[in-house]
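Observations on the model geometry
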Amino acid sequence: MAQTREGARNDSEVEAAMARVLDAERRARAEVAASQQTADGIRADARARDKRIAETAAARISAIRASTAKRRAARLAAIDAEAVGPDPQAEQDEAARTNLASAVDRLADELIGEEAAE
């Protein structure tokens, strides 16, 4: 009978140990799931921030380009207004203006970190 009581006690200890292990496993799985949800939230926030930064950068680049184009047009209009009478070198001057405009565009692209659109 002593063997039976000892065996029953060992069985109950084993069952209790198994219950503790299974409970620890359930808690660990729950913590892993909670951590995954937290990571998903952080990732979503980072993507949203990345999108806002990209949109802001695109708006700034667009504003810089528009401003550069406006100033260039005004300067070219001023140069044209200074012209007196027909100029035999007008075609060369127009080509020079076109080259200058392209150079200014390329410089603006370099300054804002974009490659030339050519």
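Residues numbered from 1 in each chain as written. Predicted model: local features only at pLDDT ≥ 70, side-chain atom pairs only at ≥ 80, totals over all residues. Heavy atoms only, no water.

Details of the overall build of the chain
Basically, it comes down to this: In this text, helices come from DSSP runs of H or I with a minimum length of four residues, and strands from runs of E with a minimum of two, each type numbered from the N-terminal end. Burial here depends on accessible area, computed with a 1.4 Å probe over protein chains only, as a share of the maximum for the residue type. Under 20% is buried, over 50% is exposed, and the range in between is partly exposed. Surface accessibility in these figures is a Shrake-Rupley result with a 1.4 Å probe; residues are shielded only by whichever protein chains are displayed.
Scanning the chain for helices and strands turns up two helices and zero strands. Every one of the 118 residues in the chain was classed for burial, and the buried ones make up 5%. For the chain, the accessible surface area stands at approximately 10000 Å², while carbon and sulfur atoms represent 56% of it.

With respect to the side chain of Arg97
Let me state the cut-off plainly: Polar contacts, as counted here, are pairs of nitrogen or oxygen atoms within 3.5 Å of one another; within protein the pair requires one atom able to donate a hydrogen and one able to accept it, and residues that are adjacent in sequence qualify only if both atoms are side-chain atoms.
Within the secondary structure, Arg97 sits in helix H2 (residues 90-112). At 3.1 Å, the side chain of Arg97 forms a polar contact with the side chain of Glu94.

Looking at the pattern of salt bridges
It is possible for side chains bearing opposite charge to pair when their charged atoms get close. The criterion, for reference: Throughout this description, the term salt bridge denotes a Lys or Arg side-chain nitrogen within 4 Å of a carboxyl oxygen of Asp or Glu.
Inspection of every chain in the model, using the stated rule, returns eight salt bridges. The partner of Arg72 in a salt bridge is Asp105, and the shortest N-O contact between them spans 2.7 Å. Of the two residues, Arg72 sits in helix H1 (residues 2-82) while Asp105 sits in helix H2, which places them 33 residues apart along the sequence. Classification of Arg72 as partly exposed rests on a relative accessible area of 23%. Close ionic contact of Asp80 with Arg97 constitutes a salt bridge, the shortest N to O distance being 3.2 Å. Pair noted here: Asp80 is in helix H1 and Arg97 is in helix H2, with a separation of 17 residues, a long-range link. Through salt bridges with shared partners, one network takes in Asp23, Arg26 and Arg27.

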